Amino acid sequence: MNKCLMALGAFLAFTLPAHTQPVLETGLAGALRGCTEWVLRPASWADGPKPFLAVMGLGNTVGLVKSVADESLPPPGLRAANHYWRINSQLDAGYVLVVSDQIPMCHITGGGEADLQPIVEAVLSSPEFVEQWEQVSKEGEGEMISTRFRSREEPKFILIVSRAKEAGGRQDRVQVLATAIYDVGQ
């Protein structure tokens, strides 16, 4: 009987990460859709969040919260009229989407007990993402890498995604940071 329990435990340990990965991918992909929707189509939220939330496609895993931890806030210059959306992809990992109704920007942070590096790479190479975003540049520093993208729909809309270079990195800090802003100049 002990061997059966050990075998079951080993099986569950092997299969659980694969099960959680699609949920975490869905959460990040939904946050990125929400980011684009909020900035490029303000009519989707101007009269209430239902159309905006429908585009995110995350159902009851996303909700508006009054505040978030400091590490999930955007840079100080983007902290005006912010709204905070928490995306609970699983009990111990998820994302925060911060948007503004005064500045055309969005800010996504992700973290938790799951290793998000392979999740982020899967989302950035997905057909949905590649169809919407064109890679402009990629640079690394230390354990992190940042990639700059330009929206294929609106070239003045720029997204920078920073994440660990390799899987298996530290999980006691923000693991993915993405900031997008629409350049209203020129």
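What counts, and at which threshold
- Residues numbered from 1 in each chain as written.
- Predicted model: local features only at pLDDT ≥ 70, side-chain atom pairs only at ≥ 80, totals over all residues.
- Heavy atoms only, no water.
- Helix = DSSP H or I, 4+ residues; strand = E, 2+ residues; numbered from the N terminus.
- pLDDT = per-residue confidence, 0-100.
- Contact = heavy atoms within 4.5 Å.
- Buried < 20%, exposed > 50% of the residue type's maximum accessible area, 1.4 Å probe, protein only.
- Pairing = 2+ DSSP bridges.
- Phe/Tyr/Trp six-rings, centres within 6.5 Å; stacked < 30°, edge-to-face > 60°.
- Arc of directions from axis to C-beta.
- Salt bridge = Lys/Arg side-chain N within 4 Å of Asp/Glu carboxyl O.

(A) Highlighting unusual backbone geometry. Backbone geometry at Ala-81 places phi at a positive 50°, although glycine is not the residue there. Counting through the fold element by element, Ala-81 comes out in the loop between strand E1 (62–65) and strand E2 (82–90).

(B) Representation of the confidence of the model for the protein chain. Across the protein chain, the average pLDDT comes to 89, with 88% of residues at 70 or higher. Predicted confidence is poor over residues 1–19, with pLDDT under 50, and the contacts of this stretch with residues over four places away or in other chains come to 1 contact.

(C) Molecular detail of the pairing of strand E6 (residues 144–151). Residues Ile-145, Thr-147, Phe-149 and Ser-151 point to one face of E6 and are all buried, whereas Met-144, Ser-146, Arg-148 and Arg-150, pointing to the other face, are not buried. In the sheet, strand E5 (residues 133–141) pairs with E6 via 8 bridges, with the strands oriented antiparallel. Following the sheet pairing, Glu-139 is matched in E6 by Ser-146. The antiparallel hairpin formed by E5 and E6 contains 2 residues in its connecting segment, where Gly-142 sits at a positive phi of about 60°. Of the pairings in the sheet, the one linking E6 to strand E7 (residues 157–164) comprises 7 bridges and is antiparallel in character. Opposite Ile-145, over in E7, you have Arg-163 as the bridge partner. The antiparallel hairpin formed by E6 and E7 contains 5 residues in its connecting segment.

(D) Expanded view of the packing of aromatic side chains. The tally for this structure, following the rule as stated, stands at 6 aromatic pairs. Their ring planes at 5° and their centres at 4.0 Å tell us that Trp-38 and Trp-45 sit as a pair that is stacked. On the accessibility criterion, Trp-38 (5% relative accessible area) is buried. Centroid distance Phe-52 to Trp-85: 5.4 Å. Interplanar angle 55°. Geometry classified as tilted. Note that Phe-52 is positioned in helix H3 (residues 50–56) and Trp-85 in strand E2, a separation of 33 residues in sequence. For Phe-52, a relative accessible area of 0% translates into the label buried. Taking relative accessible area as the criterion, Trp-85 reaches 4% and is therefore assigned buried. Among the aromatic residues, those joined into a cluster by ring pairs are Trp-38, Trp-45, Phe-52 and Trp-85.

(E) Up close: helix H4 (residues 117–124). Within H4 the residues assigned to the buried category are Gln-117, Ile-119, Val-120, Val-123 and Leu-124. End-on, the buried residues of H4 take up no more than an arc of 160°, which puts them together on one face.

(F) Structural context of the pattern of salt bridges. For the structure on display, the rule yields 7 salt bridges. Salt-bridge contacts for Glu-37 lead to Arg-41; the nearest nitrogen and oxygen are separated by 2.8 Å. In this structure Arg-41 comes out as partly exposed when scored by relative accessible area, which is 31%. Salt-bridge contacts for Asp-172 lead to Arg-170; the nearest nitrogen and oxygen are separated by 2.9 Å. A relative accessible area of 60% means that Asp-172 is categorised as exposed. Under the relative-accessibility criterion, Arg-170 is labelled partly exposed at 47%. When salt bridges with common partners are traced through the structure, they connect Glu-37, Arg-41 and Glu-153 into a single cluster.

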